[in-house]
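Coordinate inspection notes
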Amino acid sequence: MLNWGTGALGVKDIVDIALVATLIYQGYLLVSGTRAVNVVRGVMVFGGVWLASNLLSLTTLSYLLGRAGTVGLFALVVVFQPELRAALERIGRPRARGATDLGATLQELARAVERMAERKIGALIAIERRTPLGEYAATGVPLDAQLSTPFLEALFARNAPLHDGGVIVQGSRVIAAACLFPLQSSDGLYRRYGTRHRAALGLSEVSDAVIVVVSEERGSVRIALSGRLSPELSSGEMRERLRELVYEENA
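Residues numbered from 1 in each chain as written. Predicted model: local features only at pLDDT ≥ 70, side-chain atom pairs only at ≥ 80, totals over all residues. Heavy atoms only, no water.

The name an unreviewed UniProt entry gives the protein is Diadenylate cyclase, with Deinococcus peraridilitoris as the organism. Under the UniProt heading Sequence similarities (unreviewed entry), the note attached to the protein is "Belongs to the adenylate cyclase family. DacA/CdaA subfamily." (UniProt positions renumbered as here; feature names shortened; annotations may be inferred.)

What follows is the structure, encoded as structure tokens:
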């Protein structure tokens, strides 16, 4: 225990501080890039005002903030249930994932994208990274199937039941199809693009996912990341970009 009188800092204190810092950092990673991050900032401000009111003995303000905090806690649990569920799923998910398996998965994905681009079959594929996409997977049809080139082609085939909407990839698994992604505003930089591209941009604004989009009109391939759309990519450029963004990050 830290001895504040002598200023002595023991090994247990250092371990304690390090563990708390790690927990805070991991918690930040779970909400970073999602709509919950702004709420976390608001809660921190609320907590700071509450603490200050207690230190300054502002009885009425402390009482009101305390009651509001109790009600607000339950409200946050209800409103952010999808994010909480996705975060718990991510914590409990095994992280051991061989680089070889991931590399093979990206090869299958890239091959499917190339084939769909050649035949001008529209596609929208989100590859999950650190930000959980469970909230958006819940809007589609759950699959939890092994990713393969024929499987992705079958999902996006014209007149297929699940060809509308986006597919979410988690590791080597396709966890859901026909998912609804948030649309980017149509009055911005990319206003000339259609719904599929705006959906890719919209999801990239609220997550760190790598979203691959194939144009049905031109057969072009682009990648949306952090609210930006890449130039049209050749097959080689698309493979290299996926390797940089997904394979090397998880290797």
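Describing the confidence of the model for the protein
On average, residues of the protein score 81 in pLDDT, and 76% of them reach the 70 mark or higher. Low confidence marks residues 94-98, where pLDDT is under 50. Its contacts with residues over four positions away, or in another chain, come to 4 contacts. (pLDDT = per-residue confidence, 0-100. Contact = heavy atoms within 4.5 Å.)

Quick notes on unusual backbone geometry
Of note, the phi angle at Ser57 is positive, near 60°, even though the residue is not glycine. Among the secondary structure elements, Ser57 is positioned in the loop between α2 (36-55) and α3 (59-79). Look at Asp144: it is not a glycine, yet its phi comes out positive at around 50°. Looking at the secondary structure, you find Asp144 in strand β2 (residues 141-146). (Helix = DSSP H or I, 4+ residues; strand = E, 2+ residues; numbered from the N terminus.)

A word on the pairing of strand β6 (residues 221-225)
Of all 5 residues in β6, 5 are buried, a share of seventy percent or more. Of the two faces of β6, the one holding Val221, Ile223 and Leu225 and the one holding Arg222 and Ala224 are both buried throughout. With 4 bridges connecting them, strand β5 (residues 210-214) and β6 associate as antiparallel partners. When the bridges of β6 are listed, Ile211 appears paired with Ala224. Between the antiparallel neighbours β5 and β6 lie 6 residues, among them Gly219 with a positive phi of about 75°. Bridge count for β6 against strand β7 (residues 228-229) is 2 bridges, and the pairing is antiparallel. (Buried < 20%, exposed > 50% of the residue type's maximum accessible area, 1.4 Å probe, protein only. Pairing = 2+ DSSP bridges.)

What to know about the environment of Pro182
With respect to the secondary-structure elements, Pro182 resides in the loop between β4 (173-179) and α8 (195-206). The sequence separation of Pro182 and Ala200 amounts to 18 residues, and the corresponding C-alpha distance is 8.1 Å. With residues up to four places along the chain from it excluded, the contact list for Pro182 reads Tyr136, Arg198, Ala199, Gly202, Leu203 and Val206.

What about the pattern of salt bridges?
Going through the model one piece at a time under the given rule, you end up with 10 salt bridges. With a closest N to O distance of 3.6 Å, Asp208 and Arg130 form a salt bridge. You can see Asp208 sitting in the loop between α8 and β5 and its partner Arg130 sitting in the loop between β1 (123-127) and α6 (134-137), a full 78 residues away along the chain. For Arg130, a relative accessible area of 40% corresponds to the partly exposed category. For Glu244, the salt bridge identified is with Arg241, shortest N-O distance 3.2 Å. With Glu244 and Arg241 both in helix α9 (residues 235-250), this residue pair falls 3 residues apart, about one helical turn. A relative accessible area of 34% places Arg241 in the partly exposed class. Each member of the salt-bridge network shares a partner with another, and the members are Arg115, Arg119 and Glu153. (Salt bridge = Lys/Arg side-chain N within 4 Å of Asp/Glu carboxyl O.)

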